[in-house]
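# Observations on chain architecture
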Amino acid sequence: MSQVLAIQHAAEEHQRGVATSLVPFFRAVGGALGVGALGGLLAAGLSRRLGPAAEAAGALLAQGHGAATARADLALFGAALESALIPVFVVLLVLAALNVAVASSFPRHAEPAPPRV
């Protein structure tokens, strides 16, 4: 909500509607791209750590077989998931640091523009 208020305060009066509607639009686009990119990074990490066993397990589970095998390999999958999540969190940490750096460069207080006559 504070983003919407900041955008409404920064935009000129005749552009406030467009500026306000762009906040959720870019939030949705950014979320979709972020989830896709980080999901791809996680899937690549799992595939790299599990190797050919991942494809075989996926095929067995898709056919409805292999539930007992899946339980037996749960510890292996947990370790692979744990190590595949590390790069995802590193990327998120870098993005958070970049966000803080950009946000700290914003001016603390902006003087309002005088009203047009």
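Turning our eyes to something else, we now look at the overall build of the protein chain. Regarding its fold elements, the protein chain presents 5 helices and 0 strands. Start at the N end of the protein chain and walk to the C end: the helices and strands fall as α-α-α-α-α. Residues counted as buried form 9% of the 117 residues belonging to the protein chain. Once local pairs closer than 6 in sequence are excluded, the contacts in the protein chain between residues at least 24 apart make up 71%.

Tracing the chain through its elements places Pro-87 in helix α5 (residues 74-104). The sequence separation of Pro-87 and Leu-38 amounts to 49 residues, and the corresponding C-alpha distance is 9.1 Å.

This paragraph deals with the packing of helix α1 (residues 2-10) against helix α2 (residues 16-50). As a packed pair, α1 and α2 sit with axes 9 Å apart at the nearest point and diverge in direction by 150 degrees. Classified by chirality, the crossing of α2 by α1 is right-handed. Touching Gln-3, Val-4, Ile-7 and Gln-8 of α1 are Arg-16, Ala-19, Thr-20, Val-23 and Arg-27, all from α2.

Once that is clear, we can look at the packing of aromatic side chains. Under the definition given, this model contains 1 aromatic pair. Ring geometry for Phe-25 versus Phe-26: centroids 5.2 Å apart, planes at 65 degrees, classification edge-to-face. In this structure Phe-26 comes out as exposed when scored by relative accessible area, which is 52%.

Turning our eyes to something else, we now look at the environment of Ala-84. Relative to the assigned elements, Ala-84 resides in helix α5. Taking C-alpha positions, Ala-84 is 4.7 Å from Gly-45, a pair spaced 39 residues apart along the chain. Residue contacts for Ala-84: discarding those within four places in its chain leaves Leu-42, Gly-45, Leu-46 and Arg-49.

Turning to α2, a few remarks are in order. Counted at 1.5 Å a residue, the expected span for α2 with its 35 residues is 51 Å, and the 51 Å between its end C-alpha atoms agrees. Within α2, the full set of buried residues consists of Ala-19, Val-23, Leu-38, Gly-45, Leu-46 and Leu-50.

Below, the discussion takes up the confidence of the model for the protein chain. Here the protein chain shows a mean pLDDT of 82. Residues at 70 or above account for 78%. When mean pLDDT is taken per element in the protein chain, α2 scores highest with 92 and helix α4 (residues 67-72) scores lowest with 58.

Here the focus is a nonpolar patch on the surface. A cluster of nonpolar side chains, contributed by Leu-41, Phe-89, Val-91, Leu-92, Leu-95, Leu-98, Val-102 and Phe-106, occupies part of the molecular surface with about 720 Å² of accessible area. For the nonpolar patch, the element with the highest residue contribution is α5, accounting for 6 residues. Secondary-structure assignment places Leu-98 in helix α5. Since its relative accessible area comes to 52%, Leu-98 is described here as exposed.

About the criteria used
In this convention, every chain numbers its residues from 1, walking through the sequence in written order. Note on the predicted model: pLDDT of at least 70 is required for a residue's local features to be given, and 80 or more for side-chain atom pairs to be given and counted; whole-chain, interface and lining totals, by contrast, use all residues. To obtain the side-chain values, all non-hydrogen atoms of the structure were included, while hydrogens and water were left out. Segments assigned H or I by DSSP are reported as helices when at least four residues long, segments assigned E as strands when at least two residues long, and all are numbered from the N terminus. Burial classes: relative accessible area under 20% of the type maximum marks a residue as buried, over 50% as exposed, and values in between as partly exposed (1.4 Å probe, protein chains only). What makes two residues a contact is simply this: any of their non-hydrogen atoms within 4.5 Å. In this description, a line fitted to the C-alpha atoms serves as the axis of each element, helices being fitted only across the stretch in contact, and the angle between N-to-C directions of two axes falls anywhere from 0 to 180 degrees. It is the rotation of the near helix from the far one that decides the hand of a crossing: anticlockwise by less than a right angle makes it left-handed, clockwise makes it right-handed. Pairs were defined over the aromatic rings of Phe, Tyr and Trp, the Trp ring being its six-membered one, requiring ring centres within 6.5 Å. Orientation was assigned from the angle between planes: stacked under 30 degrees, edge-to-face over 60, tilted for the rest. Given the number of residues in a helix, its expected span is that number minus one, multiplied by 1.5 Å. Per-residue confidence from the predictor is reported as pLDDT, a score between 0 and 100. Two joining distances apply to patches: 9 Å for like charges and 5 Å for nonpolar side chains (Val, Leu, Ile, Met, Phe, Trp, Tyr), and every residue must have over 30% relative accessible area and no salt bridge. To measure how exposed things are, a 1.4 Å probe is used in the Shrake-Rupley method; for residues, cover is taken only from the protein chains shown. The salt bridge criterion pairs a side-chain nitrogen of Lys or Arg with a carboxyl oxygen of Asp or Glu, the two atoms within 4 Å.

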